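A closer look at the structure
For reference, the chains in residue letters:
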Amino acid sequence: QVQLVESGGGLVQAGDSLRLSCAASVRTFSSYAMGWFRQAPGKKREFVAAITGSGGTTIYADSVKGRFTISRDNAKNTVYLQMNSLKPEDTAVYYCAQSVNNYYSYLPEQYDYWGQGTQVTVSS
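Let me begin by describing the structure that accompanies this report. Since we're looking at a predicted model, the values are computed, not measured. (Residues numbered from 1 in each chain as written. Predicted model: local features only at pLDDT ≥ 70, side-chain atom pairs only at ≥ 80, totals over all residues. Heavy atoms only, no water.)

From N to C terminus, the protein includes zero helices and 11 strands. Secondary structure of the protein in N-to-C order comes out as β-β-β-β-β-β-β-β-β-β-β. Since a compact globule built from 124 residues should have a radius of gyration of about 14 Å, the 13 Å found for the protein is in line with a globular shape. Dimensions of the protein, computed from C-alpha atoms along their principal axes, come out at roughly 40 × 25 × 25 Å. (Helix = DSSP H or I, 4+ residues; strand = E, 2+ residues; numbered from the N terminus. Rg over C-alpha atoms; globule rule 2.2 N^0.38 Å.)

Let us look at the sheet that holds strand E1 (residues 4-7). Ordered by their spatial adjacency, four strands build an open sheet running E1-E3-E8-E7, and the pairing between neighbours is antiparallel. Each edge of the open sheet is held by one strand with a lone partner, namely E1 and strand E7 (68-73). Sheet twist, expressed as the mean angle between neighbouring strand axes with direction ignored, is 15°. Judged from the six bridges that link them, strand E3 (residues 18-24) and strand E8 (residues 78-83) form a sheet pairing that is antiparallel. Each bridged residue has a counterpart across the sheet, and for Leu20 the counterpart in E8 is Leu81. (Pairing = 2+ DSSP bridges. Axes fitted to C-alpha atoms, helices over the stretch in contact; angles between N-to-C directions.)

Looking now at the packing of aromatic side chains. All told, the structure shown has five aromatic pairs when counted by the stated rule. Cluster of aromatic residues (ring-pair linked, three or more members): Phe37, Phe47, Tyr106, Tyr111 and Trp114. Geometry around Tyr95 places Arg45 over its ring, the cationic atom sitting 3.9 Å from the centre. The aromatic ring of Phe29 is capped on one face by Arg72, whose charged end is 4.3 Å from the ring centroid. (Phe/Tyr/Trp six-rings, centres within 6.5 Å; stacked < 30°, edge-to-face > 60°. Lys NZ or Arg CZ within 6 Å of the ring centre and 35° of its normal.)

Once that is clear, we can look at the state of the cysteines. Using the criterion set out here, one finds one disulfide in the structure. The disulfide bridge from Cys22 ends at Cys96, spanning 1.9 Å between sulfur atoms. In this structure, the disulfide formed by Cys22 and Cys96 twists by about 45° around the S-S bond and is classed as right-handed. Taken together, the positions of Cys22 in strand E3 and Cys96 in strand E9 (residues 92-99) put the pair 74 residues apart, joining distant regions of the chain. A residue is classified by how much of its surface remains accessible, and Cys96, at 0% relative accessible area, is buried. (Disulfide = S-S within 2.5 Å. Buried < 20%, exposed > 50% of the residue type's maximum accessible area, 1.4 Å probe, protein only.)

A separate point is the pattern of salt bridges. Applying the stated rule across the entire model yields four salt bridges. A salt bridge links Lys65 to Asp62, with the nearest nitrogen and oxygen atoms 3.1 Å apart. Through salt bridges with shared partners, one network takes in Arg38, Glu46, Arg67 and Asp90. (Salt bridge = Lys/Arg side-chain N within 4 Å of Asp/Glu carboxyl O.)

With that settled, the discussion passes to the pairing of strand E4 (residues 34-39). Counting buried positions along E4 yields five of six residues, so the element is predominantly enclosed. In the sheet, E4 pairs with strand E5 (residues 46-51) via five bridges, with the strands oriented antiparallel. If you follow Gly35 over to E5, its bridge partner there is Ala50. Counting the residues in the hairpin turn of E4 and E5 gives six residues, including Gly42, whose phi is positive at 75°.

Side chains on a regular strand alternate between the two faces of the sheet. Burial along strand E11 (residues 118-123) is one-sided: Thr118, Val120 and Val122 are buried, while Gln119, Thr121 and Ser123, pointing the other way, are not. In this structure, strand E2 (residues 10-13) lies alongside E11, joined through four bridges in parallel fashion. Bridge assignment links Gln13 to a residue of E11, and that residue is Ser123. Here E9 runs beside E11; their pairing, made up of three bridges, is antiparallel. Looking at the pairing, Val93 lines up with Gln119 of E11.

Take a look at the structure:
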């Protein structure tokens, strides 16, 4: 059973930065694409960013492009989300997820393991 544990969330002010981490308990971590999603109160879960198993390819939602960076350290079985220039509209619970294969996707149904989420709150 794969377990994903996120950390790094918190309360920050607009313009600040945060780095989220997601540690995975899986032997073949580098074989799977990983993604970050978020869900704000009363809204649907939305795609944020994804990265292939090798880390060579990344994709981002337009709303975070240029501000967020996804990366991974396969030696540590960890994926990161560096969030800069945070805005109040970035407030949400952030989830990491493991893809069913090594093809990155913005579709939640392409991910079969999810973490418990970490809260990010950005005050204005």
